[in-house]
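Here is what each chain is made of, one letter per residue.
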Amino acid sequence: NAGVTQTPKFQVLKTGQSMTLQCAQDMNHEYMSWYRQDPGMGLRLIHYSVGAGITDQGEVPNGYNVSRSTTEDFPLRLLSAAPSQTSVYFCASSPDRGSGGELFFGEGSRLTVL
Amino acid sequence: GNSVTQMEGPVTLSEEAFLTINCTYTATGYPSLFWYVQYPGEGLQLLLKATKADDKGSNKGFEATYRKETTSFHLEKGSVQVSDSAVYFCALSDRAGAGSYQLTFGKGTKLSVIP
């Protein structure tokens, strides 16, 4: 059971570099989302998607881009990394546009921006 | 807007002790309430949920009751084990754009259980 798979698990970037965090799910879920987790801040929603071709902003979208060309994949792009984007990133999915809040999470990607 | 407030951690308990982690919320609508658990090095996973007032969610010996009058959803367990050591997140879900739902999380409470 793969569930939600995130890659890479760890990444170190220099300020100004770009990168993409990959997220794939094999459960045919409509809803996918990206959160960042920072100490003492809980989880904050970056972007979400309710289906292929549909994306929307969450609470903290600045500095991040997303696209949803297939049901399975939802990559998160950092175009010009900043130290403030040092965080642990979680991808999560759910059937039926969120199913009232029941999310399935990946194991996380730890990003450090120097 | 919606918000979730949960007790500050960390919480350290001896094995077989009683656990309570307080959670209160503010919401404009009628949200569903959740407890998620994050074990070390892993992503979050759903522990239990309640979708309407007076519902009780339960799983793995944990319980929480949706109290609309006090806007609370406190997590309890009668006898904790070392394997319960984790970070616990209270969350509420409310409708968002495009017919979807969005979760608002508390800041998390780290629980350590010592033998």
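All figures in this text were calculated on a predicted structure; none of them were measured in a lab. (Residues numbered from 1 in each chain as written. Chains lettered and ligands numbered in written order. Predicted model: local features only at pLDDT ≥ 70, side-chain atom pairs only at ≥ 80, totals over all residues. Heavy atoms only, no water.)

Draft legend 1. Summary view of unusual backbone geometry. With an omega of -10°, the peptide bond running from A:Thr7 to A:Pro8 counts as cis. Note that A:Pro8 resides in the loop between β1 (4-7) and β2 (10-13). Omega for the peptide link from B:Gly9 to B:Pro10 comes to -10°, which places this bond in the cis form. Looking at the secondary structure, you find B:Pro10 in the loop between β1 (3-6) and β2 (11-14). Of note, B:Asp54 is a non-glycine position whose phi angle comes to about 75°, a positive value. Located in the positive-phi region is B:Thr71, a residue other than glycine, with phi close to 45°. (Helix = DSSP H or I, 4+ residues; strand = E, 2+ residues; numbered from the N terminus.)

Draft legend 2. Focus on the sheet that holds strand β7 (residues 56-59) of chain B. All names here are of chain B. Read across the sheet, 4 strands follow the order β3-β9-β8-β7 without closing on themselves; strand pairing throughout is antiparallel. Among the strands making up the open sheet, the edge pair consists of β3 (19-21) and β7. When strand polarity is set aside, the average angle formed by the axes of neighbouring strands in this sheet is 15°. (Pairing = 2+ DSSP bridges. Axes fitted to C-alpha atoms, helices over the stretch in contact; angles between N-to-C directions.)

Draft legend 3. Spotlight on the nonpolar core. Residue and element names in this part refer to chain B. Trp35, Leu47, Leu48, Phe73, Leu75 and Tyr88 are the most contacted members of the largest nonpolar core, which has 26 residues in total. Sorting elements by how many residues they give to this core places strand β10 (residues 86-95) first, with 4 residues. Excluding its chain neighbours within four sequence positions, the residues that come into contact with Leu75 are Leu19, Thr20, Ile21, Trp35, Leu47, Leu48, Phe62, Glu63, Ala64 and Tyr88. (Core = buried A, V, L, I, M, F, W, Y, C linked by side-chain atoms within 4.5 Å. Buried < 20%, exposed > 50% of the residue type's maximum accessible area, 1.4 Å probe, protein only. Contact = heavy atoms within 4.5 Å.)

Draft legend 4. View of the pattern of salt bridges. All told, the structure shown has 7 salt bridges over all chains when counted by the stated rule. A:Arg44 is the salt-bridge partner of A:Asp38, the closest N and O atoms lying 2.8 Å from each other. Among the residues examined, A:Asp38 registers a relative accessible area of 11% and is labelled buried. Using a relative accessible area of 17% as the deciding quantity, one classes A:Arg44 as buried. For B:Lys49, the salt bridge is made with A:Glu102, and the minimal N-O distance between the two is 2.2 Å. You can see B:Lys49 sitting in strand β6 (residues 44-50) and its partner A:Glu102 sitting in the loop between β9 (87-94) and β10 (104-105), one on each of two chains. The exposure class assigned to A:Glu102 is partly exposed, which follows from its relative accessible area of 24%. (Salt bridge = Lys/Arg side-chain N within 4 Å of Asp/Glu carboxyl O.)

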